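If you want the building blocks of each chain, they are given just below.
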Amino acid sequence: MFEEKAGMVYRTVREVRGPLLLVEGVRGAKYNEVVEVKLADGTEIVGTVLDAFEDKAVIQVFGQTEGLSLDTAVRFTGDVMRIPLSDELIGRVFNGSFKPLDGLPDPVGEERREVFVSVINPAAREPPSEFMQTGISVIDGMNSLVRGQKLPIFSEAGLPHNVMAAQVARQSTVLGEEDFAVVFCAMGIRHEEYDYFRREFEKTGALDRAVMILNLADDPVIERILAPRIALTIAEYIAYDLDMHVLAILTDMTSYCEALRSISVAREEVPARKGYPGYMYSDLATIYERAGKIKGKKGSVTLMPILTMPGGDITHPIPDLTGYITEGQLIMTRELNAKGIYPPVNPLPSLSRLMKDGIGPGKTREDHMEVSNQLYMAYAEGVRARNLARIIGELGLSERERRYLKFADEFERRFINQGPYENRPIERTLEIAWDLLSMLPEDELIRISEENIRKYHPKHRKAT
Amino acid sequence: MSGREVVGKVKRVNGSLVIAEGLTGAKIGDVVYIGNLKLIGEVVRITGEDFALQCYEDTSGLQPGEPVIGTGSPLVAELGPGLIGEIFDGLERSELELWRISGPFIKKGYKIAPLRRDKKWHFVPRVRVGDEVQEGDILGTVQESSVIEHRIMVPIGVRGVVKRIEEGDFTVDETIAEVETASGNMVEVKMAQTWPVRIPRPYRERLPITEPLFTGQRVIDTFFPIAKGGTAAIPGGFGSGKTVTLQQIAKWSDADIVIYVGCGERGNEMADILTHFPELEDPRTGKKLIERAIFIANVSNLPVAAREASVYFGVTIAEYFRDQGYDVAVIVDSTSRWAEALRDMSGRLEEIPAEEGYPAYLAERIAGFYERAGRVITLGSRERFGSVTIMGAVSPPGGDFSEPVTSTTVRYVGALWALDTELAYRRHFPAINWLRSFTKYVDVLVDFWRKHDPEWVRYRERALSILEEASRLEEIASVVGEKSLPEEQRLILLESEMIREGFLVQNAFHPVDRYCPPERQAKILHVLVDFYDLALPLIKSGIPVDKIRELRSVMELLRLKEKEKVEEIEEVFERVKKDLQTLRSKYEVRTA
Ligand SMILES: Nc1ncnc2c1ncn2[C@@H]1O[C@H](COP(=O)(O)OP(=O)(O)O)[C@@H](O)[C@H]1O
Ligand SMILES: [Mg+2]
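Source: prediction; values computed, not measured.

### Some remarks on the overall build of chain A
Along its length, chain A carries 14 helices and 21 strands. Whereas a compact globule of 464 residues would reach a radius of gyration of roughly 23 Å, chain A reaches 25 Å, a difference of no more than 12%. Within the span of chain A, comprising 464 residues, buried residues form 63% of the whole. Once local pairs closer than 6 in sequence are excluded, the contacts in chain A between residues at least 24 apart make up 73%. Just so you have it, chain A exposes about 16200 Å², and 50% of that area is on carbon and sulfur atoms.

And the structure:
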């Protein structure tokens, strides 16, 4: 990919610290310029200029750091990092530095785009407003995904986030719809996890319409800084040049953030929280904000990052800063998983900020938002009753509290819970919701308008 | 104010920090043009021969040795017709124009003037040749949008006699008037004027605060009001409702002009506002909201350093309209991103950090920013009033309000709308926690409310005390169960639920509920509190709370907020009264 052989070569590396090299005697290095680094054993890796002085430069490399020594040659290419793009990328597999892993030749393309800096002008953004049916009730019913949204899964090790992400990818890619592609970027995940995704994509034929960027658990850590940016540069090309709808899955963002931290430590920066750098919010924004839609263009980039919350702690900087940038979050909990509920997504702390723009009359159904709000309220009430029952026993509950407790149990069992291959249309999801809500006194359905109650409540429906 | 141009050269590039030499005579705060692309920056530190520059654009590709031009002038905002309805980046460059000339992806190094140069505005003089004028006097007006009359003022520092002025169509660069000063200098006044963004614009006199900024949001107006010229902060973890609440205020508040600064937040949120403002109508004027709004969209993936400047552009534009005699609201979402930009630059300069990496001058900067709010008598020979109200979101990491930006901001604002993640999880929106929020503006607002409701203070206090009492009881109930509380206490719990659901919860996306005018706020609150007074004697006479809760009309009280007319609200209340009466007589018969 970085085949240009122009540019000065220096063998004046004076210091190696983690992924950082200090090269002396360099005249006129450009900030963020790409360099090729050739190790003593002949291995070539790429890097960029982090700090450019008049007579020296600090380089950050993206590949393996073992083998870096003072005996390293550095070629300054004079250009920022770009990758060649063409429609031939679809169906291919690369590593985190864009080297083919599928035995096919290096990609070529007329179009060469910058990998690191790509910002959609806010004035040119089209607000996402198209409902994307995932066939999963807790998502479609209460946290609807919209084309062009960035909606992460906050999970923990051992929970079925991969199963759900694969289900979303399978079920939201309408079969036979030609203009759909998946961009999959793995950062630090295990081989077996990757194999799982690969098999799932294969089953539905999505593999032919997928681009994979893989940095697995045993691949160089620092390459993870590069991998998602390459993935998203490709995603943007497919969306805005080839007019396709792209679903980009990035997993695991926690590994990405750890790589970011290790560079910050090597640079001896003052950390903000838990050793993570103060710029992590802005850095993550340059990744997540690449989701979206553009006025006048047909395609879209929908982003589903997956992250495992360290210690299950949602206030940890990784989920916290992610939640501040993304348009909501789907939160998986151990508690629901232990009950055998799949997907174990707890709707209460979950959120889809763009839901309101993607649902309603003409898109899903006029009662959708209200039903969702009512489910939230009733489930929250039920969970409160359940917690109370843990302290004072179920007998101590009032009749009303008992009713909500029962609602919560049924809601988890029938609404949240479903099969990993069960594809529920939105009508079915709403039908289950109404069945559950009819367990409650009609007068207490205050988040639903009287008209919609009359129109959709099972009691009235039966009457008509 | 402007000095001589000097040319130096780049020595080092480290992200947004650029070190240059040879900028002889440059001062802190001077604007510089960095490199061949002339990226915009500012001098932030001078040490010996080295000038540390904060660059507001992406520095990728910048190389030591490239030239740097020191302009000798500070960072200024351009002010004049053409601001309304615009969408700017953090340096007041039109993003619409940038999109037009460079496509949907941001490209750097473009020089775009804030105001359109080619557009002609119809200028109507207010003074005549021979009139004596001084700084701040209105020379004439331009109807900029259907609701905003742009008043062209005599620039600050100018006083003299009008020698030439006429009605006509002018671009912002054309001279609309000539003023001869006492020393015989002729000043050509144009519609485009400038002001350094980091310096507050002068006014004649600061005034006490007397009027609310009415927002149409019940929990704010009734419980934690904000005043015109006041300040408020809205801290909360992600998803707790900062942006939606601030957008509601941007849409429905009775400010004349709204300046919305999206500082380091989502691109789609800005796109959403930009799509909706041209459609929505101002409930007071019936005109489209875009006719009174200005946007600064410095989103999170744009260069961090520009966030620092963006809030000052916002507040400077606000002061400029204040000086014309308008009530202006400045909304910043989020001030935390601005503070983080300060931290970022401070870290690159290797300053000694105070808490969590923030520089020691954080408090000073936050205080200085909020100090630019206020209600004033403007400059000029005729008395004119104007105000700037500042409302800022704060995004505490991990939702922890003890972190530096939140804890500092709380000290400098007049109202605090503390968001509560637990309420947000229950979809109780706006998730403003009534026990942790405060306002210092209640006293000055009594007069306003008296017009709509003579008993406002009393009802407000009763409702608040019921909510407080209920939260105490809830704690007990969470240990012993609600069932074991005495019926009178259970009524308080029911009443607090009524106030919460029927009054505090307000759906920003409901066509009626999204904006609640004062008379309806007062009416709903009265009915809900009066309901308690009517129900209490029944409970005392032995009727269980559950019987009252089961009354259909009582549950309807929770929907009063969806009624458009005060009469409809009264009608429901009449039914409640009747039902309570019937319930009472049923029980009296039974016990007799
Ligand atoms: N007043 C409101 N009415 C209805 N929904 C609201 C309201 N306030 C917030 N929400 C919901 O909460 C979500 C998050 O709110 P937002 O203001 O974006 O949070 P924050 O800016 O604090 O992260 C919104 O997308 C919306 O679904
Ligand atoms: Mg927000």
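### Examining the packing of helix α10 (residues 368-392) of chain A against helix α12 (residues 426-437) of chain A
Each pair of packed helices gets described by two things: the angle between the helix axes and the distance between those axes. All names here are of chain A. Running from N to C, α10 and α12 cross one another at 45°; their axes reach a closest spacing of 11 Å. Relative to α12, α10 is oriented oblique. The interaxial crossing formed by α10 with α12 has left-handed handedness. In contact with H368, V371, Q374 and L375 of α10, α12 contributes I426, L430, A433, W434 and L437. The residue inventory of the contact of α10 with α12, partitioned by class, reads seven nonpolar, two polar and no charged.

### Things to note about unusual backbone geometry
The omega torsion of the bond from D333(B) to S334(B) falls at 10°, within 30 degrees of zero and hence cis. P430(B) follows F429(B) through a cis peptide bond whose omega is -10°. For P430(B), the position within the fold is in the loop between α9 (421-425) and β26 (438-439). One non-glycine residue, K274(A), adopts positive backbone phi at about 50°. If you trace the backbone, K274(A) turns up in the loop between β17 (271-273) and β18 (276-277). Notably, E356(B) is not glycine yet its phi reads approximately 45°, a positive angle. Here E356(B) lies in the loop between α6 (335-348) and α7 (362-370).

### Quick notes on the environment of A123(A)
Residue and element names in this part refer to chain A. Among the secondary structure elements, A123 is positioned in the loop between β10 (111-114) and β11 (131-132). Classification of A123 by relative accessible area gives buried; the value is 4%. Along the backbone, A123 and I294 are 171 residues apart, and their C-alpha atoms lie at a distance of 9.3 Å.

### Overview of the site of ligand 1
Taken together, 16 residues lie near ligand 1, and R353(A), G239(B), K242(B), T243(B) and V244(B) sit nearest. Among the chains of the assembly, those with residues near ligand 1 are chains A and B. S240(B) is positioned with one of its backbone polar atoms (N or O) 3.4 Å from an oxygen atom of ligand 1. Contact between ligand 1 and V244(B): an oxygen atom at 2.6 Å from a main-chain N or O atom of the residue. In isolation ligand 1 has 560 Å² of accessible area, and contact with the protein removes 90% of it. Looking at which element gives the most residues to the shell around ligand 1, the answer is helix α3 (residues 242-252) of chain B, with three residues. A domain split of the shell around ligand 1 shows at least three residues from each of domain 3 (230-439) and domain 4 (456-591) of chain B.

### Observations concerning the interface of chain B and chain A
Contact with chain B, which involves 83 residues of that partner, is made by 86 residues of chain A. Carbon and sulfur atoms supply 54% of the area buried between chain B and chain A, which totals about 6600 Å² over both sides. The largest contributions to the chain B side of the interface with chain A come from F238(B), N268(B) and R427(B), which together make up 12% of the buried area. In this structure, R447(A) engages E501(B) in a salt bridge whose closest nitrogen and oxygen atoms are separated by 2.7 Å. The set of elements that each furnish at least two residues to the side of chain B that touches chain A consists of β1 (6-14), α1 (95-102), α4 (267-276), α6, α11 (456-480), α12 (487-504) and α15 (552-556) of chain B. Considering each element in turn, the side of chain B that touches chain A owes the most residues, nine residues, to α4(B). Residues of the side of chain B that touches chain A, tallied by class, amount to 30 nonpolar, 23 polar and 30 charged. When strand β5 (residues 44-53) of chain A meets β1(B), the two strands line up antiparallel, connected through two bridges. Pairing of F53(A) across the sheet is with R12(B), part of β1(B).

### Quick look at the sheet that holds strand β13 (residues 153-155) of chain A
Residue and element names in this part refer to chain A. Reading across the sheet, the eight strands line up as β9-β15-β14-β16-β19-β13-β20-β21 and stay open at both edges, with mixed pairing between neighbours. In the strand order of this sheet, the two ends are held by β9 (93-95) and β21 (351-352), each with one partner. Pairing geometry for β13 and strand β19 (residues 300-308), over three bridges, is parallel. Each residue of the ladder has a partner; that of I153, found in β19, is I306. Sheet contacts for helix α2 (residues 161-172): β13, β14 (180-189), β16 (245-251), β19 and β20 (328-331); angle to β16, the most-contacted strand, approximately 175°.

### Re the sheet that holds strand β13 (residues 160-165) of chain B
Residues and elements named next belong to chain B. If you walk across this open sheet you meet the four strands as β10-β13-β15-β16, and the pairing is antiparallel. The sheet is open, and its two edges are formed by β10 (132-133) and β16 (186-190), each paired on a single side. Taken together, the five bridges between strand β15 (residues 175-181) and β16 define a ladder with antiparallel strand orientation. If you follow V179 over to β16, its bridge partner there is V187.

### Some points on the pattern of salt bridges
Scanning the entire structure with this criterion turns up 95 salt bridges over all chains. Residue E269(B) pairs with R266(B) through a salt bridge whose shortest N-O separation is 2.7 Å. A single burial state applies to E269(B) and to R266(B), both of which are buried. In this structure, E574(B) engages K577(B) in a salt bridge whose closest nitrogen and oxygen atoms are separated by 3.3 Å. Here E574(B) pairs with K577(B), and both are found in helix α16 (residues 566-591), just three residues apart, close to one helical turn. Taken together, the shared-partner salt bridges connect E381(A), R384(A), R400(A), E444(A), R426(B), E497(B) and R549(B) into one network.

What counts and how
In this numbering scheme, every chain counts its residues from 1 along its sequence in written order. By the order in which they are written, chains take letters starting at A while ligands take numbers starting at 1. Reporting in this predicted model follows two pLDDT cut-offs: at least 70 for local features of residues, and 80 or more for side-chain atom pairs to be given and counted; totals over whole chains, interfaces and linings ignore these cut-offs and use all residues. Side-chain numbers come from the whole structure's heavy atoms, not from hydrogens or water. In this description a helix means any DSSP run of H or I spanning at least four residues, a strand means any run of E spanning at least two, and both kinds are numbered starting from the N terminus. Atoms counted for the radius of gyration: C-alpha only. Globule rule: 2.2 Å times the number of residues to the power 0.38. Only protein chains enter the accessibility calculation, which uses a 1.4 Å probe; a residue whose area is less than 20% of its type maximum is buried, one above 50% is exposed, and one in between is partly exposed. Between two residues, a contact is recorded if the distance between any of their heavy atoms is within 4.5 Å. What sets the accessible areas is the Shrake-Rupley method with a 1.4 Å probe; for residues, cover comes only from the shown protein chains. Simply put, an axis is a line fit to the C-alpha atoms, just over the touching stretch for a helix, and the angle between two N-to-C directions goes from 0 to 180 degrees. When an angle is under 35 degrees it counts as roughly parallel; over 145 it counts as roughly antiparallel; between 65 and 115 it counts as roughly perpendicular; any other value is oblique. For any helix crossing, the convention is left-handed if the near helix is rotated counterclockwise from the far helix by under a right angle, and right-handed if that rotation is clockwise. Any residue outside Ala, Val, Leu, Ile, Met, Phe, Trp, Tyr, Cys, Pro, Asp, Glu, Lys and Arg is labelled polar, Gly included; the first ten of those are nonpolar and the last four are charged. Throughout, the term near means that a residue has one or more heavy atoms lying within 4 Å of the molecule or strand in question. Polar contacts, as used here, are pairs of N or O atoms within 3.5 Å; protein pairs need one atom able to donate a hydrogen and one able to accept it. Residues neighboring in sequence count only if both atoms are side-chain atoms. Residue ranges labeled as domains rest on an automatic or database domain assignment. Here the quantity called buried area is the accessible surface, traced with a 1.4 Å probe, that two parts lose on coming together, added over both. Salt bridge criterion: a side-chain nitrogen from Lys or Arg within 4 Å of a carboxyl oxygen from Asp or Glu. When DSSP finds at least two bridges between two strands, those strands are taken to pair.

The quantities given are spatial measurements derived from coordinates; they are silent on function.
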